[in-house]
Amino acid sequence: MPMDPLPATPTRQALVSHLIRTRIAGDVATTRENNLDHYRELAEGNRYFWFGLDLGDRWTEESAVLELMAERCGVVADPEHVHGQDTIDPELTVDGLDRMAEVLKKAAESRSTVLLASGHPAGLFAVHNVLAGALRAVGCQVVGPAENLYADGGEIRYLGGVFMLHRGGGLVHTHSPEPMTEVLNALERDGRGLPDLVVADHGWAGCAGARGIDTVGFADSNDPALFVGESEGSVLVSVPLDDNVQPHFYAPMASYLLDAADLRRRPAAPRPGGGGRHRPDPRTRRTRTRKTRD
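Residues numbered from 1 in each chain as written. Predicted model: local features only at pLDDT ≥ 70, side-chain atom pairs only at ≥ 80, totals over all residues. Heavy atoms only, no water.

(A) Representation of the pairing of strand 10 (residues 214-219) in the model. Burial analysis of strand 10 places five of its six residues in the buried class, the great majority of the element. When strand 9 (residues 197-201) meets strand 10, the two strands line up parallel, connected through five bridges. In the strand pairing of strand 10, Leu197 is matched with Asp214. Running through helix 7 (residues 202-210), the crossover from strand 9 to the neighbouring parallel element strand 10 is right-handed. Examined bridge by bridge, strand 10 and strand 11 (residues 237-240) share four bridges and lie parallel to one another. Bridge pairing links Ala219 to Pro240 in strand 11. Crossover handedness for the path strand 10 to helix 8 (residues 224-232) to strand 11: right-handed. (Buried < 20%, exposed > 50% of the residue type's maximum accessible area, 1.4 Å probe, protein only. Helix = DSSP H or I, 4+ residues; strand = E, 2+ residues; numbered from the N terminus. Pairing = 2+ DSSP bridges. Right-handed = clockwise from strand over helix to strand, strands pointing away.)

(B) Focus on the packing of helix 3 (residues 62-72) against helix 8. Packing of helix 3 against helix 8 brings their axes to within 10 Å, and their N-to-C directions diverge by 80 degrees. Compared by their axis directions, helix 3 and helix 8 come out roughly perpendicular. Every residue of helix 8 that contacts helix 3 at Val65, Leu68, Met69 and Arg72 is listed here: Pro224, Phe227, Val228, Glu230 and Ser231. Split by residue class, the contact of helix 3 with helix 8 holds six nonpolar, one polar and two charged. (Axes fitted to C-alpha atoms, helices over the stretch in contact; angles between N-to-C directions. Parallel < 35°, antiparallel > 145°, perpendicular 65-115°, else oblique. Contact = heavy atoms within 4.5 Å. Nonpolar A, V, L, I, M, F, W, Y, C, P; charged D, E, K, R; others polar.)

(C) Region of interest: the pattern of salt bridges. A complete count under the given rule lists 13 salt bridges for this structure. By sharing partners, the salt bridges in this structure join Arg12, Glu91, Asp95 and Asp98 into a single network. (Salt bridge = Lys/Arg side-chain N within 4 Å of Asp/Glu carboxyl O.)

(D) Structural detail: the environment of Ser112. Note that Ser112 resides in the loop between helix 4 (90-110) and strand 3 (113-116). Residue Ser112 is classed as buried on the basis of its relative accessible area, which comes to 10%. Measuring from C-alpha to C-alpha, the distance between Ser112 and Val142 comes to 8.5 Å, with 30 residues separating the pair along the chain.

(E) Main features of the nonpolar core. By size, the foremost hydrophobic cluster in this structure holds 93 residues, and its most contacted members are Leu104, Leu115, Leu131, Phe163, Met180, Phe218 and Leu263. With eight residues, the top contributor of residues to this core is helix 4. (Core = buried A, V, L, I, M, F, W, Y, C linked by side-chain atoms within 4.5 Å.)

(F) Representation of the pairing of strand 7 (residues 162-167). Buried residues dominate strand 7, accounting for five of its six residues. With five bridges connecting them, strand 6 (residues 154-159) and strand 7 associate as antiparallel partners. By the bridge assignment, Glu155 is partnered in strand 7 with His166. Between strand 6 and strand 7, which follow one another and run antiparallel, lie two residues, and Gly160 among them has a positive phi close to 60 degrees. Bridge analysis of strand 7 against strand 8 (residues 170-172) gives three bridges, and the strand direction is antiparallel. Its bridge partner being in strand 8, Leu165 is matched across the sheet by Val172. Taking the residues between adjacent antiparallel strands as the criterion, strand 7 and strand 8 are bridged by two residues, where Gly168 takes a positive phi near 60 degrees.

So, in structure tokens, the structure goes:
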């Protein structure tokens, strides 16, 4: 299901201005109190805020989480700032998009198998849907669908190249890693194999990273887990942004990402000899070395 046509690709400066104007970055809607509360929950070991990642006892200091979020997301670094406005640095958002674009470009060149999923069907789905169509157009295999899968009291649905959770008659917002667990288990059970790359958010991304799959994602200022995962190497890229603004506000960002990843080019020619692409033995998949924090 194609979305509305994307606008012309903005320059970096124009995109930064757009991010600030629409509050995707800059002075964001998420409050400082909410951010600090989530950092505290992660540090205290609340698995709901770990997004399926295994953080062990490496992030038990709230101050360390705040320091990381100031560095990678651009929230206010001052620990004495405990009420009111918080921020996302739009320059860090665009830096994250550039890093994500490099991963997507390599996936396109390799015609990788890519799985896309979102816990924000009313927001970030617009970006995932655009990426799914662009990746498919350049020769990647976009994973889906998978039927009769259930998690967290809902059914896992596949729409426009993107996995999401459905409950009570509508697609729902979720932080849970359980829907992705069900999808990945089903792929292995059905002999389809794990994807080469996951593009996702929330627990969909955290679960994939924990399974050793190359994962890039989007994360808000009150979702520290994916930034922690990026710092430890279990997540390749976490792009900082407000993850639930009006979906059409993301269109210039999606356009910038497609151009940076060279996903508007012609599809790659079929490989000589035909047939499907070679799938590596999952036992030989690369395992990252996770960095520990002092």
